[in-house]
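Examination of the molecular architecture
Chain by chain, the residues:
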Amino acid sequence: MIAAVAMAFVSCDKDGGNGKKTELKAEVKMEVPAELQYGQPVALTATVVTDNALTGVTFVGVRKSGETYEVIGEDQAGTLEGNVAKVNFFADTKEMTDIAVIVAAGKKEAKAYFPVEKVAGELPGTVWFSDPEVFKAAPKVATHDNDAVTYPAPNTGAGCDMPSFFSMHGMKIGNEWKHVVSLSEARPQDGKDVSFAFVNVLENTAKQPDNLAYIGSQRGFAFCTASKLTAGTVGRQCDAYEVDGHGIKKMAEQDANFKMRLVRGSWKGADHWNEQDYKFIDGLYLRLKSAKTDLEKMKAYYELGEIQRVMDNATLVSADSVPAEGEELTAFGGTGLLRQFVDFGPSAKSAVDETWRAGDYILFRSARTVEGQETPKYYYGIMQIQLIPDISKALNAETGKMDNIEEINNLFGKPLYVGIKTQCELK
């Protein structure tokens, strides 16, 4: 650690608008590590000796040139406990040579500078926020495989422009990075970086128009990874078909590694929710207000890492042990398919079981291979379910099952509103 003591000098504030600068007489002491990690926080404590009552403190990265200091970082507000100032300071620029501490007592201000020998490392990732975001479940997409009259040539078919797919790490569509994409955007890239699809389950979409086959046991909305699209009770073969040599399942890396974990609210009763988990995720989501500036993104990335530190990393296998082939390294768990309802179809033998509703959270985890490392790098995110399309007209009033085919078809294209705050790779 570098033990640094600095005497304050004249404030930049003006008193009463008359151009006269006011000076706070103060001495500031603070220890700073010789090396800071880029984009990572370090707990700093500054002690201020002054006869004035302090009203605020700010920390910021600066670059020294000769006898002057240029502000090159973003202001980071600290907290005060009497004359002790604290902050979780993020090294938000590699060019800083010092950390400036600006203490205020009303209109009086003082600054002190503390040298930083080095800012090392690289950013571990970035974040993407969208609140609200819209998904729409796409209707059956016509291809040669399910509509040979319209598309007589094999390996041909239509696209779909509805926002049905989510990419945790983002996909470059033209000159834009997008996280919610359509089949028409994802299929030409062979599904690269596709995480999950939002679907409305109704029929086996592989069948020709004269041979319709409705799924009888499982119906309704669901989130599913690419490998689940063609499952017998999901039936979205129309999304997975190869058209013009491209298919959405070819490069869906997260298909094997992407997991979703439901964090349900209390609506289903004490046996079906974890109060500690829900309050932790709810509080985390609400704390994450913005991710527009570089500093906000760094802070948000670190905050989202709490999902790993609290809910996953806490039960990682020992660093000295070697997991067996196929053994899960963490305790995150999760699934590749989350239905809104289970046994919602008219032929289901069991009672309808509601799985998620508005107000619940779905956590994401992506495991990405890192060159030269045996274990993957994990990324985490949160999706809050906010508003679900009204399904009441599709239900049988007596059985509660979803059996009104016309009204189920009317649910395609209806908006599902969510909020998403997630870590992602740097591009």
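Residues numbered from 1 in each chain as written. Predicted model: local features only at pLDDT ≥ 70, side-chain atom pairs only at ≥ 80, totals over all residues. Heavy atoms only, no water.

With that out of the way, let us pick up the overall build of the protein chain. Helix and strand counts for the protein chain stand at seven helices and 24 strands. Counting only C-alpha atoms, the protein chain reaches 85 × 55 × 45 Å along its principal axes. For the protein chain, the residues scored as buried account for 47% of the 427 residues in total. In the protein chain, the proportion of contacts linking residues at least 24 apart, taken out of those at least 6 apart, comes to 68%. Summing over all exposed atoms, the protein chain offers an accessible surface of approximately 20200 Å²; the carbon and sulfur share of this is 48%. Charged side chains in the protein chain number 47 positive and 59 negative. The centres of these two groups are separated by 3 Å. (Helix = DSSP H or I, 4+ residues; strand = E, 2+ residues; numbered from the N terminus. Buried < 20%, exposed > 50% of the residue type's maximum accessible area, 1.4 Å probe, protein only. Contact = heavy atoms within 4.5 Å. Areas by Shrake-Rupley, 256 points an atom, 1.4 Å probe, with all protein chains shown as cover. Lys, Arg positive; Asp, Glu negative; His and termini not counted. Charge placed at Lys NZ, Arg CZ, Asp CG, Glu CD.)

A word on the side chain of Asp 98. With respect to the element layout, Asp 98 can be found in strand β10 (residues 98–105). No salt bridge is formed by the buried Asp 98; its nearest oppositely charged neighbour, Lys 64, is found at 6.1 Å. (Salt bridge = Lys/Arg side-chain N within 4 Å of Asp/Glu carboxyl O.)

Right, let's talk about the sheet that holds strand β22 (residues 361–368) for a bit. Pairing is antiparallel across the open sheet formed by five strands, whose spatial order is β13-β24-β23-β22-β18. Edge positions in the sheet fall to β13 (126–136) and β18 (259–263), since each has one partner strand and no second. Taking each pair of neighbouring strands and ignoring which way they run, the sheet shows an average axis angle of 20°. Note that strand β23 (residues 377–387) and strand β24 (residues 415–424) share six bridges and pair antiparallel. Its bridge partner lying in β24, Gly 381 is registered against Thr 422. Those strands touched by helix α5 (residues 294–304) are β13, β23 and β24, and its axis lies near 75° from that of β13. (Pairing = 2+ DSSP bridges. Axes fitted to C-alpha atoms, helices over the stretch in contact; angles between N-to-C directions.)

The next point concerns the pairing of strand β14 (residues 165–173). Along β14, eight of the nine residues are buried, which leaves the element largely enclosed by surrounding structure. Bridge count between β14 and strand β15 (residues 176–181): five bridges; the pairing is antiparallel. Directly across from Phe 165, in β15, lies its bridge partner Val 181. Where β14 hands over to β15, the hairpin turn is made up of two residues, of which Gly 174 adopts a positive phi near 65°. Pairing of β14 with strand β16 (residues 196–201), which is carried by two bridges, proceeds in the antiparallel orientation. Its bridge partner being in β16, Phe 165 is matched across the sheet by Ala 197.

We now examine the sheet that holds β15. On the basis of which strands lie adjacent, the open sheet formed by five strands has the order β15-β14-β16-β17-β19 and antiparallel pairing. Both edges of this open sheet fall to β15 and β19 (337–339), since each of them pairs with a single strand only. Within this sheet the neighbouring strands show an average axis-to-axis angle of 30°, counted without direction.

Scanning the entire structure with this criterion turns up 21 aromatic pairs. Both rings, one in Phe 196 and one in Phe 364, keep their centres 5.7 Å apart while their planes meet at 50°; by these two values the pair is tilted. Of this pair, Phe 196 sits in strand β16 while Phe 364 sits in strand β22; the two residues are 168 residues apart in sequence, bridging distant segments of the chain. Side by side, Phe 196 and Phe 364 carry an identical accessibility label, which is buried. In textbook terms, an aromatic cluster arises when at least three aromatic residues are bridged by ring pairs, as seen for Trp 128, Phe 135, Phe 166, Phe 196, Phe 198, Phe 221, Phe 223, Phe 258, Trp 356 and Phe 364. (Phe/Tyr/Trp six-rings, centres within 6.5 Å; stacked < 30°, edge-to-face > 60°.)

Next up on the list: unusual backbone geometry. For residues other than glycine, phi is negative in most cases, and the peptide bonds are mostly trans. Cis peptide bonds are those with omega within 30 degrees of zero, and the linkage from Asp 131 to Pro 132 qualifies with 5°. Although it is not a glycine, Asn 155 adopts a positive phi angle of roughly 65°. Its location among the elements puts Asn 155 in the loop between β13 and β14. Not every positive phi belongs to a glycine, and Asp 193 is a case in point at roughly 75°. You can see Asp 193 is positioned in the loop between α1 (183–186) and β16. Residue Asp 193 is classed as buried on the basis of its relative accessible area of 5%.

Counting residues in each nonpolar core, the largest one holds 55 residues, and the members touching the most others are Phe 135, Phe 223 and Phe 364. It is β23 that provides the largest number of residues to this core, a total of six residues. If you look at the next biggest cluster of nonpolar residues, it comprises 31 residues, including Leu 24, Ala 26, Val 87 and Ala 112. (Core = buried A, V, L, I, M, F, W, Y, C linked by side-chain atoms within 4.5 Å.)

All told, the structure shown has 18 salt bridges when counted by the stated rule. Here Lys 192 ties to Asp 193 by a salt bridge, and the two come within 3.2 Å at their closest N and O atoms. Ionic pairing is found between Asp 239 and Arg 236, a salt bridge with its closest N-O pair at 2.9 Å. Exposure class is identical for Asp 239 and Arg 236. Each is buried.

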